[in-house]
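# Observations on the model geometry
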Amino acid sequence: MRIPLRDTAAVAAGVLAPLGAALALVPLRTFVTHTDLGLVLVVVVVAVSALGNRFAGVLAALSAAAWFDFFHTEPYQSFHIHDRADIETAVLLLLVGLIVSQLAAYGRTMRRVAVVDATHLERLHGTSRLAGLSTSSDEVVRRVRDELIEVLELRACRFEYGTLIGRPARLDPDGTVKVAGWIWDLERQGWPDDEIELRAIVHGRYQGRFMMTPGPDSAPPPLEARLVAADLAAQAAAVLDDEAVSAGPRS
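Now for a look at the structure at hand. (Residues numbered from 1 in each chain as written. Predicted model: local features only at pLDDT ≥ 70, side-chain atom pairs only at ≥ 80, totals over all residues. Heavy atoms only, no water.)

Scanning the chain for helices and strands turns up seven helices and six strands. Helices (α) and strands (β) of the chain occur, in sequence order from the N terminus, as α-α-α-α-α-β-β-β-β-α-β-β-α. In the chain, which comprises 251 residues, the proportion classed as buried is 39%. Element-wise, carbon and sulfur atoms account for 62% of the exposed surface of the chain, whose accessible area totals about 14500 Å². (Helix = DSSP H or I, 4+ residues; strand = E, 2+ residues; numbered from the N terminus. Buried < 20%, exposed > 50% of the residue type's maximum accessible area, 1.4 Å probe, protein only. Areas by Shrake-Rupley, 256 points an atom, 1.4 Å probe, with all protein chains shown as cover.)

In structure tokens form, the structure reads like this:
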């Protein structure tokens, strides 16, 4: 598995940035208190955590505590500490650094969740607007098909009108995947082989189904994405149902 360049850079920064800061502070260690020096290193840990990832933040905290001990506590250039106050400062630096790194990682996760939720909401609103304005159910079906490819990261997706044929794996409205009537452990086993159906049903009336083909070795989408996919299929079903009521069943 290839590691993204940004993650590699973040890990390197987690090791090297505290070392560089500790070296830069060496000329000041006789003029500045050890507590203040520790606070400067905490700032470095915060910067690495904010710009990198959770693992890089942990490395930065460990690196900061180690180099604070090595360069700024007596005996210098040794990992031994004799003064109790220095021991407390080093321990606090480590603990604060670890806490800050986890908070920064949590903040990044919440930002990503907010962005993803906003994107999902726009998908649903955009499809709903099209369903209200379009005079063609085919246009809405094509829109939903394209959205499904995006939200579930599919390789292909097509829509089948008419009756159900065969027993392919099925994505249900609650986000679960069933194979031969059994719930498939999507998180552990990944997507089932072959196509997966997502039925377009509204008011208990079957309108067709989206036949979805996941990408090779693609990771299964989170539950939120699968629920959005089910809502998109329901919007297509509603448009098809309205058309069927006004124009008769599709032949």
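Opposite charge on two side chains makes pairing possible when the charged atoms of those side chains draw close. Taken as a whole, this structure holds 12 salt bridges when the rule is applied. Of the charged contacts, one joins Arg226 and Glu187 as a salt bridge, the two residues approaching to 3.4 Å between their closest N and O atoms. In this pair, Arg226 sits in helix H7 (residues 223–247) while Glu187 sits in helix H6 (residues 186–189), placing the two residues 39 residues apart along the sequence. Taking relative accessible area as the criterion, Glu187 reaches 58% and is therefore assigned exposed. Here Arg199 ties to Glu197 by a salt bridge, and the two come within 2.8 Å at their closest N and O atoms. On the accessibility criterion, Glu197 (2% relative accessible area) is buried. Each of Arg158, Glu160, Glu195, Glu197, Arg199 and Arg209 takes part in a single network of salt bridges with overlapping partners. (Salt bridge = Lys/Arg side-chain N within 4 Å of Asp/Glu carboxyl O.)

With that settled, the discussion passes to the sheet that holds strand E6 (residues 205–214). One open sheet accounts for six strands, arranged E1-E6-E5-E2-E3-E4; its pairing is mixed. One side of each edge strand has no neighbouring strand; the edge strands of this open sheet are strand E1 (154–160) and strand E4 (182–184). The mean inter-strand angle of the sheet, taken between neighbouring strand axes irrespective of direction, is 35 degrees. Two elements, strand E2 (residues 169–171) and strand E5 (residues 196–202), share two bridges in a ladder whose sense is parallel. Each bridged residue has a counterpart across the sheet, and for Arg170 the counterpart in E5 is Glu197. Together, E1, E5 and E6 form the strand contacts of helix H5 (residues 137–151), whose direction differs from that of E1 by roughly 155 degrees. (Pairing = 2+ DSSP bridges. Axes fitted to C-alpha atoms, helices over the stretch in contact; angles between N-to-C directions. Contact = heavy atoms within 4.5 Å.)

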